[in-house]
Amino acid sequence: MIFSRGRGGRHARAERAGRSERPAPDQPDVDSSPDVPTRDQGPYDVTEAPAGVERLDLGSLRIPAVADVEIRVQADPDGAVQQVVLLHGENALQLGVFAAPRSEGIWDEVRQEIRESLFKEGTAAEETDGEYGVELRARVRTPDGQLTDLRFVGIDGPRWMVRGVYQGRVASDPGLGGPLVECLHGLVVDRGQEAKPVREPLPLRLPREIAERQAAEAAAAGTRPGGETVISPDGDGPNGSGAVSRINGASDPGPGRGKPSPRPRGSA
């Protein structure tokens, strides 16, 4: 599947007013970020993020430490993160962040592409109004034959787009989001200033201390680093990058805590 989002919600309307030019999807956007009004909740751009909040630093994404939310990160042997999933009870939120043009958001057309991709796979999807504008809901069949609900949310920022995919009961009942919604409200995006093609995933990486620990453990075991890392923020670290109470490289998810399936595929 291919995912992306043009900003149809309240955060994007002011940005898009009076702008008509838009770079082609495969052209890098080299303009500097426009001024963005301060928001009452996130996802925030790094230039507007509230201070004093502990966050796990994954590079382009900084995830707030929220009680009872487990962060599962899938990384390659070099520490580059391929997938980020937040878990709370039986609910999950998968996060992705992508480059976008300065002139306008991309969620509108990305949402349409998701819908078309689902339709080609025999799955109907419907648009609904949500906290950040138009969302997309679908019921899909997992590899083991079970039906599960998915809810796709897109938030456009200055030259970036965050895509969230809810799974579990929260996918059909947003009121059950609780701590997962709190994580999204406190999320911070560090887009950087380098030119990137529109829709390219922004780079995510494990914090240095976690990557170094994984490398040491892998060397001792005679294996390669990487795999799944389970991170439970404990609220004690400065600025979030050191707030980890449990890390299990390539660990077993444990009973009842498997990662979401099916997982969204592709880029924005």
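Residues numbered from 1 in each chain as written. Predicted model: local features only at pLDDT ≥ 70, side-chain atom pairs only at ≥ 80, totals over all residues. Heavy atoms only, no water.

Account for the environment of Arg137, naming residues and giving values.
With respect to the helices, strands and loops of the structure, Arg137 is situated in strand β9 (residues 133-141). Between the C-alpha atoms of Arg137 and Arg115, which are 22 residues apart in sequence, the distance is 9.1 Å. Ignoring any residue separated from it by four or fewer positions in sequence, one finds Arg137 in contact with Ala124, Ala125, Glu126, Thr128, Leu150, Arg151, Ala171, Ser172 and Pro174. Among the polar contacts listed, one links the side chain of Arg137 to the side chain of Thr128, at a separation of 3.4 Å. (Helix = DSSP H or I, 4+ residues; strand = E, 2+ residues; numbered from the N terminus. Contact = heavy atoms within 4.5 Å. Polar contact = N/O pair within 3.5 Å; in protein donor to acceptor, adjacent residues only side chain to side chain.)

Describe the sheet that holds strand β5 (residues 70-75), with residues and values.
Two modes of strand pairing occur in sheets, parallel and antiparallel, and in both the strands are linked by backbone hydrogen bonds. Ordered in space as β8-β9-β10-β11-β7-β6-β5-β14, the eight strands form an open sheet in which the pairing is antiparallel. In this open sheet, the two strands that pair with only one neighbour each are β8 (125-130) and β14 (227-231). Each strand axis lies, on average, 25° off the axis of its neighbour in the sheet, ignoring direction. The sheet contact formed by strand β10 (residues 147-157) and strand β11 (residues 160-167) spans eight bridges and is antiparallel. (Pairing = 2+ DSSP bridges. Axes fitted to C-alpha atoms, helices over the stretch in contact; angles between N-to-C directions.)

Can you explain the sheet that holds strand β2 (residues 44-45)? Please cite residues and give values.
Taken in spatial order, the four strands make up an open sheet running β2-β12-β4-β3, and their pairing is mixed. The sheet is open, and its two edges are formed by β2 and β3 (55-57), each paired on a single side. Bridge count for β2 against strand β12 (residues 188-189) is two bridges, and the pairing is parallel. Within β12, the position partnered with Asp45 by the bridge is Val189. Contacts from helix α4 (residues 179-186) reach β2, β3, β4 (61-64) and β12 within the one sheet, and its direction differs from that of β4 by about 135°.

Can you break down the pattern of salt bridges residue by residue, with the values?
Pairing between side chains becomes possible if they bear opposite charge and their charged atoms approach one another. Per the counting criterion, the structure on display carries twelve salt bridges. Between Arg62 and Asp190 there is a salt bridge, and its shortest N-O distance comes to 2.9 Å. Placement of the pair is Arg62 in strand β4 and Asp190 in the loop between β12 and β13 (196-197), with a sequence separation of 128 residues. Here Glu127 ties to Arg111 by a salt bridge, and the two come within 2.9 Å at their closest N and O atoms. Taken together, the residues Glu127 in strand β8 and Arg111 in helix α2 (residues 107-120) connect sequence positions 16 residues apart. On the accessibility criterion, Arg111 (7% relative accessible area) is buried. (Salt bridge = Lys/Arg side-chain N within 4 Å of Asp/Glu carboxyl O. Buried < 20%, exposed > 50% of the residue type's maximum accessible area, 1.4 Å probe, protein only.)

Mind laying out the nonpolar core, listing which residues take part and the relevant values?
Ranked by size, the top nonpolar core spans 35 residues in total, and within it Leu86, Tyr166 and Leu184 carry the most contacts. Only β4, β5, β6 (81-88), β7 (91-99), β10, β11, α3 (169-172) and α4 provide two or more residues apiece to this core. Formed by 16 residues, the second largest nonpolar core is a distinct cluster that contains Trp107, Leu118, Ala138 and Val140. (Core = buried A, V, L, I, M, F, W, Y, C linked by side-chain atoms within 4.5 Å.)

I'd love a proper account of unusual backbone geometry, names of residues and values included.
That bond from Gly42 to Pro43 is cis: its omega, 10°, falls within 30 degrees of zero. Checked against the element boundaries, Pro43 lands in the loop between β1 (28-29) and β2. Backbone geometry at Asp68 places phi at a positive 70°, although glycine is not the residue there. With respect to the helices, strands and loops of the structure, Asp68 is situated in the loop between β4 and β5. Classification of Asp68 by relative accessible area gives exposed; the value is 66%. A positive phi is found at Arg159, a non-glycine position, where the angle reads about 70°. Inspection of the secondary structure assignment puts Arg159 in the loop between β10 and β11.

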